[in-house]
Amino acid sequence: MAKTVLVTGGAGYIGSHTVLQLLLAGFKAVVVDNLENSSEVAIKRVAELAGEFGKNIIFHKIDIRDKEALEKVFASTTFDAVIHFAGLKAVGESVHKPLLYYNNNIIGTINLLEVMSAHGCKKLVFSSSATVYGWPKEVPCTEEFDLSATNPYGRTKLFIEEICRDIHISDPDWSIILLRYFNPVGAHPSGHIGEDPRGFPNNLMPFVQQVAVGRRPALTVFGNDYSTKDGTGVRDYIHVVDLSDGHISALQKLFDGSEIGCEVYNLGTGKGTSVLEMVAAFEKASGKEIPLVIAGRRPGDAEIVYASTAKAEKELHWKAKYGIEEMCRDQWNWASMNPWGYGCPDPAD
Ligand SMILES: NC(=O)c1ccc[n+]([C@@H]2O[C@H](COP(=O)([O-])OP(=O)(O)OC[C@H]3O[C@@H](n4cnc5c(N)ncnc54)[C@H](O)[C@@H]3O)[C@@H](O)[C@H]2O)c1
Ligand SMILES: *[C@@H]1O[C@H](CO)[C@@H](O)[C@H](O)[C@H]1NC(C)=O
């Protein structure tokens, strides 16, 4: 019997890629998303890419803070597990609008957990972030590191992790996997789904992408005086398809009958790449020159962050397959096919 998974935020960047992998793996997916930061076009494209499995996706435009609406979804379908992506993630905006972030991310999650509990669905995979390592004292980051947050967005991730640990202590029927993502980039190799470049990008690759398609004149590099190989910040970039596959491995762990409790896993490649190395890889993949403007360090940015991948490899039997060449190739393929994201018609339509 095919298992049915509720995916919150499933129209978003990581959610859409994960829903596709879920469908291809034979799961049924019910997506709830308020489309605050995404487009229903992504759902349509996922269904097309899934071929014969495309019929196994249902979409509801719902805000997870709307308890009545969530109740209805749970009343109509029995879920074997939930993957919870829905949330706001713009770090800078979270500094200016902390209540919006606490309201959306934390109240939304509490609502979801209450409805899950009421319906006896106690298996959860949650999107946490490497941001909970704050400024790590050393690398690679292992799951046992001390946790801290440097902004309200990061605090929402930290608090939700703690809430999950507490509910598991209170009720051992819960099985929860917290996935700490490093830096997801790239797109599905088809070029039909990817990161919709809305607003002013916070992250490196959406910015690079906007420069490459001529929407911005130059890339601003924040800091070139860090003690790294070339002075620019080092991060662990992970192909979004690898990241999505990590969720399938986490689900399999939830379903394999083992006592999980509340466990946390890093999803990264274990490799550190500097801003300049990433830009060079993107220039090579796209054949475009990315003009740079060097600016001062951005407050809150850590110098060097990359993952220890040992725990996920051992316990989830998952390991990233792709390197930065594939990430840049697929990012460019998506960007050049959809320079305005889902805002204009797909050339293949
Ligand atoms: N992209 C990253 O760099 C990164 C890194 C670490 C963790 N994460 C986390 O992964 C998750 C997914 O990130 P993403 O990059 O796909 O972002 P995204 O903005 O593309 O996706 C989030 C989705 O959630 C939806 N959403 C937001 N609030 C909602 C609400 N109250 N009710 C219903 N839907 C709501 C949005 O419309 C969007 O479709 C987020 O929780 C994010 O914090 C992302
Ligand atoms: C919306 O998504 C874009 C693309 O992933 C991202 O840059 C932006 O931070 C997101 N906005 C919010 C409020 O989460």
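Preceding block: the structure.
No experiment lies behind these values; they were computed from the predicted model shown.

Draft legend 1. Geometry of helix H2 (residues 40-49). Turning to H2, its buried residues are Ala42, Ile43, Arg45 and Val46. For H2, the angular spread of the buried residues around the axis is 165°, confining them to a single face. Where H2 is buried, its residues touch helix H1 (13-24), strand E2 (28-33), strand E3 (57-61) and helix H11 (324-337). The backbone nitrogen of Val41 lies 2.9 Å from a side-chain oxygen of the residue at the head of H2, namely Ser39.

Draft legend 2. Representation of the site of ligand 2. The immediate surroundings of ligand 2 are formed by Asn37, Leu88, Lys89, Ala90, Glu93, Tyr101, Glu195, Asp196 and Asn202. One of the side-chain N or O atoms of Lys89 is found 2.8 Å from an oxygen atom in ligand 2. Between an oxygen atom of ligand 2 and a side-chain N or O atom of Asn202, the distance comes to 3.2 Å. Out of a free accessible area of 360 Å², ligand 2 has 87% covered by protein chains.

Draft legend 3. Inspection of the packing of aromatic side chains at higher detail. According to the stated counting rule, one finds eight aromatic pairs in the structure shown. Consider the rings of Tyr102 and Phe159, whose centres lie 6.2 Å apart with planes at 25°: the pair is stacked. Note that Tyr102 is positioned in helix H5 (residues 98-118) and Phe159 in helix H6 (residues 152-170), a separation of 57 residues in sequence. Judged by relative accessible area, Tyr102 falls into the partly exposed class, the value being 23%. With a centroid separation of 6.0 Å and 90° between ring planes, the pair formed by Phe282 and Trp332 is classed as edge-to-face. Taken together, the positions of Phe282 in helix H9 (residues 275-286) and Trp332 in helix H11 put the pair 50 residues apart, joining distant regions of the chain. Just as Phe282 is buried, Trp332 falls in that class too.

Draft legend 4. Geometry of the packing of helix H7 (residues 204-212) against H9. Relative to each other, H7 and H9 sit at 40°, their axes nearing to 11 Å. As summarised for this structure, H7 and H9 are arranged oblique, according to the angle between their axes. In terms of crossing hand, the pair formed by H7 and H9 is right-handed. On H9, the residues that touch Leu204, Met205, Val208, Gln209 and Ala212 of H7 are Val275, Met278, Val279 and Phe282. Among the residues making up the contact of H7 with H9, the classes are represented as eight nonpolar, one polar and no charged.

Draft legend 5. Just the environment of Trp332, in detail. Judged by relative accessible area, Trp332 falls into the buried class, the value being 15%. With sequence-adjacent residues up to four places away left out, Trp332 is seen in contact with Ala212, Val213, Phe282, Ala285, Ser286 and Lys288.

Draft legend 6. The sheet that holds E3, seen in detail. What the seven strands build is an open sheet, ordered E3-E2-E1-E4-E5-E6-E11; its pairing is parallel. Edge strands, defined here as strands with exactly one partner in the open sheet, are E3 and strand E11 (262-267). Each adjacent strand pair in this sheet contributes to an overall mean axis angle of 20°, direction not counted. Pairing between strand E6 (residues 175-181) and E11: six bridges, direction parallel. Bridge pairing in E11 places Leu179 opposite Tyr265. Sheet contacts for H2: E2 and E3; angle to E3, the most-contacted strand, approximately 175°.

Thresholds, definitions, all that
- Residues numbered from 1 in each chain as written.
- Chains lettered and ligands numbered in written order.
- Predicted model: local features only at pLDDT ≥ 70, side-chain atom pairs only at ≥ 80, totals over all residues.
- Heavy atoms only, no water.
- Buried < 20%, exposed > 50% of the residue type's maximum accessible area, 1.4 Å probe, protein only.
- Helix = DSSP H or I, 4+ residues; strand = E, 2+ residues; numbered from the N terminus.
- Arc of directions from axis to C-beta.
- Contact = heavy atoms within 4.5 Å.
- Polar contact = N/O pair within 3.5 Å; in protein donor to acceptor, adjacent residues only side chain to side chain.
- Near = heavy atom within 4 Å.
- Areas by Shrake-Rupley, 256 points an atom, 1.4 Å probe, with all protein chains shown as cover.
- Phe/Tyr/Trp six-rings, centres within 6.5 Å; stacked < 30°, edge-to-face > 60°.
- Axes fitted to C-alpha atoms, helices over the stretch in contact; angles between N-to-C directions.
- Parallel < 35°, antiparallel > 145°, perpendicular 65-115°, else oblique.
- Left-handed = near helix turned anticlockwise from the far one by under 90°.
- Nonpolar A, V, L, I, M, F, W, Y, C, P; charged D, E, K, R; others polar.
- Pairing = 2+ DSSP bridges.

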